[in-house]
Amino acid sequence: MTIGKIIDGKAFAATLRDKVADGVAGFVEATGRKPGLAVVLVGEDPASSVYVRSKGKMTVAVGMESFEFKRPDSIGEEDLLDLIEELNQDERVDGILVQLPLPKHIDEAAVIGAIDPAKDVDGFHVVNSGLLATGQEALVPCTPLGCIMLLKDELGDLSGLEAVVVGRSNIVGKPMAQLLLAESATVTIAHSRTRDLASVVHRADIVVAAVGRAEMVKGEWIKPGATVIDVGINRIADGEDGKSRIVGDVATAEALAHVRAITPVPGGVGPMTIAVLLRNTLVAAHARAGLAKPADL
Ligand SMILES: Nc1nc(=O)c2c([nH]1)NC[C@@H]1CN(c3ccc(C(=O)N[C@@H](CCC(=O)O)C(=O)O)cc3)C=[N+]21
């Protein structure tokens, strides 16, 4: 039995960050200032804090300025909107990321809608999602763009391929489908109400799993030779030592016997998300400075 390839997202992300660092050096030379990324974290969720810290470190490592804003869970929506407005006006800030999810008493759409679309490095603003949907230049959500980069690296031209995206979130599923469509793939979005999900997935040359349910996509669902991108990050209790570990939305060990290639969790899509965030910040900085974006990004 042949075993598929494990796509090294961690290595690909490191290469992308090196390219971003080169681009940052060019930007500093051209403008005399560093690109800046502002990250806003509301509340105390430990997993979010760890993730924000690692983003901050990588931002500095590629030569950018990192600004972090921590606010308590109790912050009012008005105060959060005031902070966003301040960051919109701040010339040192090229990118603004508001860590999601936000506490329930805050209207997420209102907060995202308050971000200057030119600084919306998550690509979540309706202006950017509308630009993406109509085939215009946009800031594109980091995780789906990272997935497309891995897919094109593995498969080359995606034109005419059958792609099934499992999950319909605004953050991953929908923009992922738009990007695949822009690459001329034939795109299906499946979700929790899809009937006979196994047979829908079995049609696919490309499977993108973004449902947030641990190991939900089974190995035998995968068409032989398909390429699988696993976006899930699910923390589960590990029976053996009582510790927890993270797994994806795909039963990877089973799937390996069927796939051409698959991204692992961890070490697959996750590191790409952060690398693309830095890439988007550099792209936003160039656009704001009236410079053409670096060619290889
Ligand atoms: N506005 C906003 N934008 C985001 O992009 C965003 C967000 N909010 N809220 C939280 C999620 C989560 N997220 C991750 C990114 C990278 C890894 C990552 O690098 N994971 C590593 C390590 C995982 C581990 O060991 O814990 C990996 O998969 O290999 C994980 C999670 C971005 N998010």
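This structure is a prediction, so every number in the text was calculated from the model and none was measured. (Residues numbered from 1 in each chain as written. Predicted model: local features only at pLDDT ≥ 70, side-chain atom pairs only at ≥ 80, totals over all residues.)

J.: Outline the overall build of the chain, listing residues and values.
T.: When helices and strands are tallied, the chain shows ten helices and eleven strands. Over its C-alpha atoms the chain spans a radius of gyration of 19 Å, differing by no more than 12% from the 19 Å that the globule rule assigns to 297 residues. Its C-alpha atoms give the chain principal-axis dimensions of about 55 × 40 × 35 Å. A buried classification covers 43% of the 297 residues belonging to the chain. Put simply, of all contacts in the chain between residues at least 6 apart along the chain, 68% involve residues at least 24 apart. (Helix = DSSP H or I, 4+ residues; strand = E, 2+ residues; numbered from the N terminus. Rg over C-alpha atoms; globule rule 2.2 N^0.38 Å. Buried ≥ 20, exposed ≤ 12 C-beta atoms within 10 Å, placed from the backbone. Contact = placed C-beta atoms within 7 Å.)

J.: Run through the site of the ligand, naming residues and quoting values.
T.: Around the ligand, a shell composed of 16 residues is seen, among which Gln99, Leu100, Pro266, Gly270 and Thr273 lie nearest. Elements with a minimum of two residues in the shell around the ligand: strand E4 (95-98) and helix H10 (269-288). Top element by residues in the shell around the ligand is H10. It accounts for four residues. Of the residues assigned to the shell around the ligand, the class counts are eleven nonpolar, four polar and one charged. When we break the shell around the ligand down by domain, the ones giving at least three residues each are domain 1 (31-119) and domain 2 (142-270). (Near = placed C-beta within 6 Å. Nonpolar A, V, L, I, M, F, W, Y, C, P; charged D, E, K, R; others polar. Domains from an automatic or database assignment.)

J.: Quick one: what's the story with the environment of aspartate 157, residue by residue and with numbers?
T.: Locating aspartate 157 in the fold gives a position in the loop between helix H6 (142-155) and strand E5 (162-166). Sequence-wise, aspartate 157 and glycine 167 are ten residues apart; in three dimensions their C-alpha atoms are separated by 23 Å.

J.: Just give me the short version of the domain arrangement of the chain, but keep the residues and values in it.
T.: Here the chain is described as being made up of domain 1 (31-119) and domain 2 (142-270). Computed from C-alpha atoms alone, the centre-to-centre distance between domain 1 and domain 2 is 28 Å.

J.: A description of the environment of isoleucine 115 should follow, citing residues and the corresponding values.
T.: Within the secondary structure layout, isoleucine 115 lies in the loop between helix H4 (108-114) and helix H5 (126-133). You can call isoleucine 115 buried: it has 24 C-beta atoms within 10 Å. Considering only alpha carbons, one finds isoleucine 115 and arginine 71, 44 residues apart in sequence, at a separation of 17 Å. The contact partners of isoleucine 115, leaving out residues within four places of it in the chain, are Ile84, Ile96, Asp120 and His125.

J.: Could you give an account of the UniProt feature "domain: Tetrahydrofolate dehydrogenase/cyclohydrolase catalytic" (unreviewed entry) in the chain, naming the residues involved and the relevant values?
T.: The positions that UniProt labels "domain: Tetrahydrofolate dehydrogenase/cyclohydrolase catalytic" (unreviewed entry) are, in the present scheme, residues 7-122. What you have in residues 7-122 is 51% helix and 16% strand, and the ends, taken at the C-alpha atoms, are 24 Å apart. (UniProt positions renumbered as here; feature names shortened; annotations may be inferred.)

J.: Got a sec to walk through the sheet that holds strand E8 (residues 227-230)? Specific residues and values, please.
T.: Sheet architecture is open: six strands sit in the order E1-E11-E8-E7-E5-E6, paired in parallel fashion. Looking at which strands have only one partner, the edges of the open sheet turn out to be strand E1 (5-6) and strand E6 (186-190). The pairing of strand E7 (residues 206-209) with E8 spans four bridges and is parallel. Note that in E8 the partner of alanine 209 across the bridge is aspartate 230. The strands touched by H6 within the sheet are E7, E8 and strand E11 (261-262), with E8 carrying the most contacts at an inclination of about 160°. Here helix H7 (residues 173-182) sits on the sheet and contacts E5, E6 and E7; the angle it forms with E6, its principal contact strand, is near 170°. (Pairing = 2+ DSSP bridges. Axes fitted to C-alpha atoms, helices over the stretch in contact; angles between N-to-C directions.)

J.: A description of the confidence of the model for the chain should follow, citing residues and the corresponding values.
T.: On average, the chain scores 96 in pLDDT, and the residues at 70 or more come to 100%. The element-level mean pLDDT for the chain is lowest in helix H2 (residues 46-61), coming to 89, with E7 highest at 99. Interface predicted TM-score (ipTM) for the complex: 0.97; the corresponding pTM is 0.97. (pLDDT = per-residue confidence, 0-100.)

J.: Before we move on, could you go through the UniProt feature "binding site: NADP(+)" (unreviewed entry) in the chain and cite the residues and values that matter?
T.: When the UniProt feature table is mapped onto this chain numbering, "binding site: NADP(+)" (unreviewed entry) sits at Gly167, Arg168, Ser169 and Ile233. Tracing the backbone through its elements, the reader meets glycine 167 in the loop between E5 and H7. Excluding its chain neighbours within four sequence positions, the residues that come into contact with glycine 167 are Val172, Gly173, His191, Ala210 and Val211. Judged by local crowding, isoleucine 233 falls into the partly exposed class, with 19 C-beta atoms found within 10 Å.

J.: So, H5: which residues are in play, and what are the values?
T.: Residues of H5 that are buried: Asn128, Ser129 and Leu132. Down the axis of H5, the buried set is contained in an arc of 100°. They therefore lie on one face. Here the buried face of H5 lies against H7. Among the residues trailing H5, glycine 135 stands out with phi positive, at a value near 75°. (Arc of directions from axis to C-beta.)

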